[in-house]
Structures are given as C-alpha cells and as structure tokens.
Amino acid sequence: MSAIIINGITKKFGDFTAVDNVSFSVEKGELFGLLGPNGAGKTTIINMLTTLLIPTAGNAEIAGHNLKCDPDLVRGSIGIIFQDPSLDSALTGRENLEFHAMMYDIGKEERKKRIPDVLGIVGLSSKADILVENYSGGMKRRLEIARGLIHYPKVLFLDEPTLGLDAQTRRTIWNYIKTLNRDYGTSVVLTTHYMEEADYLCDRIAVIDNGRIIALDTPSGLKSLLKGEKVSLELKEKNCELRDKLLRQPFVREAVLEGNILSVTIADGERSVAEIFKIACSLDADILAVNIHKPSLEDVFIHLTGSTIRDKEGDKNSARHERIRRRMMR
Ligand code: ADP
Ligand code: MG
C-alpha cells in the first residue's frame, strides 16, 4: 500500500524549472529520502506535497487524498518539520505544543494525553516547562519533531532535519526518527544533503539533481551501481603480469595499473582480497601497501553527476555570488 503516489510533479518559477516532472511512490511505513545538493529542488518538492506551493503541473495522492482536489484532507494527514526553525522561543516547550495542537482543533482532554506522549517520543518530558529560548539546537529540533507529531500524522515530512547540528546531536535526532518510523509506523519523507544521513536512515533514496530524479533505489542498490569495492595495491614495481592474471579472475571487474599502483575493482569484498594476495604471491609480486575502499553514497553521487555534492553546492553559491556581484555593479 502506498502512503504517497506522485505523478509528474513540476514547479516553475518564471522561466526557471525548479522541479521537473518528478514521479515516485512511498510505501506505507517506509522511510524515504530525497538526497541532493543545495538548490536541487528538495524543499520545493516538500512544499508542493505539503500544500504550501501549488504545482505548475502534475499531481499527487497523499495518505489516500488527492493533493489538488482535497488539500485540507492532505493537511490533516501530514506533519511537517520545516528546514528553517519555526518555534516561539518566548514560550515553553509545552506551550508551543499546546498552541499548535489548538490550531489543529485537538480538544483539551486529547491534548492532555497527546502532549506528554509526543514529548516522550523525543525525550523532552523533563524539559517541557523550560522556555524554548533556553533550549539547545538539538532540543529545539526535537521539539519541532514532537510538534509535527501532535495530530498523529500518517505521513511526516522532515526538511533537512539535522541541518547545522553537531555530529552527536545529529545521531540523537536520527534515532528519534528511526523510532517513530519503526515503532509508530509513521511513513517518513525526509530531505538531506548529508550522504551518511540518507545512508543510515532511509529504506530508499531518490537522488535529486537540478530538479530531476537521477536515481532511485535502496542505499545498497545505489551503491551497486558502482562496480564494487576498490582495492589499491602499492607494488614494489610495475607488474603487468599480475594485472593480466587478475583480469582473468571471475571476481575481478576492473584492474588498472598506473606506475606501481594497481587498482582492482572486485565483486565481493574481503574474500577476494585474500585471493588477490595469493595470486600476487604466486607471481612473486611484492605488495608494499593495501587500501580497501568500500563504495559510499558520495561515490554514487560522483558516478551519477561527475562531481561531489559539495562541489555542486560550490557551483550554486558561486553562481549566486556572481549574480549578486553583477547586480551591485549595475
Ligand atoms: P533545495 O531544498 O534542494 O536546496 P529548493 O527547492 O529550495 O532547493 O530550490 C530549488 C531551486 O529553486 C533553487 O535554484 C532556488 O533558488 C529556486 N527557488 C526556490 N524557491 C523559489 C522562489 N520562490 N522563487 C524563485 N526561485 C526559487
Ligand atoms: Mg531545502
């Protein structure tokens, strides 16, 4: 059963196409990630799916409701955690939740039950009556997650849930997201430009670049787009015979010799490394050093787009700075 079905959703800002004919489905109970550099169109997709922006074309069904025909029903079935913080820091955590619950027309008795419940989910029960201005960055993010859960949504959208948080706080947030997905069965769609976040959290990932999906699969499926693990051998001297013999092995997909460095792409990890050693030994090839590189989502992104996520963001930023500079010179 699908929690979300998206059909050719598109958003244009003037002549600029920010989201270009995007289609995908999210299964019930799935933790789904939109991974891409800044400016890829992730927030624009989330804003359309959460009824905040009207698509230029395309439509979607969310928790069984049609986005175009029944936006109110869609809004009632989803929770949103925005990229930019949106808490009232002059209120306590509990007051923030009270206020939000009232906006969702949740009655007093029900609020009494739900507020402690969602505070418990994100581990903030003991901090509920402290003013939000005294919360740490991680606590604020957890409170925003609690707020997104107050009406027990079927689908939760999280836009860059750990942006700007330190590594340890990020892990804590990851665990809360995993828990509410696993234990409460909430379907989750999150956006991120952190590879390791997508890799750790998501059942499936859509890689977004320039408003388009360029790949969609499980983290391991995406990694298998690369041909396998890379083993680099530093040899005492250049050895073409070793390269040629390795190329004849069924587990070797590629073997490239550059000077005395032999890079071998292999199908199945550690086992093949032992085999490579045996073959090197049988040819009396001296190995000075070995490096095994497991494919990461970063490698997948480079494979798909030809550059790293960070470089892409660099492009966008330098393009933006260039535009601002030109405007100032006018
Ligand atoms: P992401 O969330 O992946 O960083 P966004 O969805 O925020 O990307 O933005 C995608 C592209 O659309 C960017 O180039 C951004 O500058 C542009 N964009 C977003 N919102 C608007 C808007 N309201 N008007 C014009 N351009 C916009
Ligand atoms: Mg964004």
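A. Fine view of the domain arrangement of the protein chain. Taken domain by domain, the protein chain comprises domain 1 (2-223) and domain 2 (229-294). When each unit is reduced to the centre of its C-alpha atoms, the spacing between domain 1 and domain 2 is 45 Å.

B. Layout of the coordination of the magnesium ion (ligand 2). Within the first shell, the magnesium ion (ligand 2) binds the protein through Thr43 (OG1) and Gln83 (OE1), at distances of 2.0 to 2.2 Å. A residue pair is termed long-range when its members are at least 10 positions apart, and Thr43 in helix H1 (residues 42-49) and Gln83 in the loop between strand E6 (78-81) and helix H3 (93-103) qualify at 40 residues. Residue classification places Thr43 among the partly exposed residues on the basis of a relative accessible area of 27%. Residue class for Gln83 comes out partly exposed when judged on its relative accessible area of 26%.

C. Representation of the sheet that holds strand E14 (residues 287-293) in the model. The strand order across the open sheet built from four strands is E12-E13-E11-E14, with neighbouring strands paired in antiparallel fashion. Each edge of the open sheet carries a strand with a single partner, namely strand E12 (252-258) and E14. Pairwise comparison of adjacent strand axes, ignoring direction, gives a mean angle of 15° for this sheet.

D. Quick peek at the pattern of salt bridges. Counted by the stated rule, this structure contains 16 salt bridges. Between Glu144 and Arg141 there is a salt bridge, with its nearest N and O atoms 2.4 Å apart. Here Arg141 and Glu144 lie together in helix H5 (residues 137-149), a separation of three residues that amounts to about one turn. The buried category is assigned to Glu144, whose relative accessible area is 2%. What makes Arg141 buried here is its relative accessible area of 6%.

Here is what the cut-offs are and how they apply
Residues numbered from 1 in each chain as written. Chains lettered and ligands numbered in written order. Predicted model: local features only at pLDDT ≥ 70, side-chain atom pairs only at ≥ 80, totals over all residues. Heavy atoms only, no water. Domains from an automatic or database assignment. Donors = N, O, S within 2.8 Å, 3.2 Å for Na, K, Ca; no water. Helix = DSSP H or I, 4+ residues; strand = E, 2+ residues; numbered from the N terminus. Buried < 20%, exposed > 50% of the residue type's maximum accessible area, 1.4 Å probe, protein only. Pairing = 2+ DSSP bridges. Axes fitted to C-alpha atoms, helices over the stretch in contact; angles between N-to-C directions. Salt bridge = Lys/Arg side-chain N within 4 Å of Asp/Glu carboxyl O.

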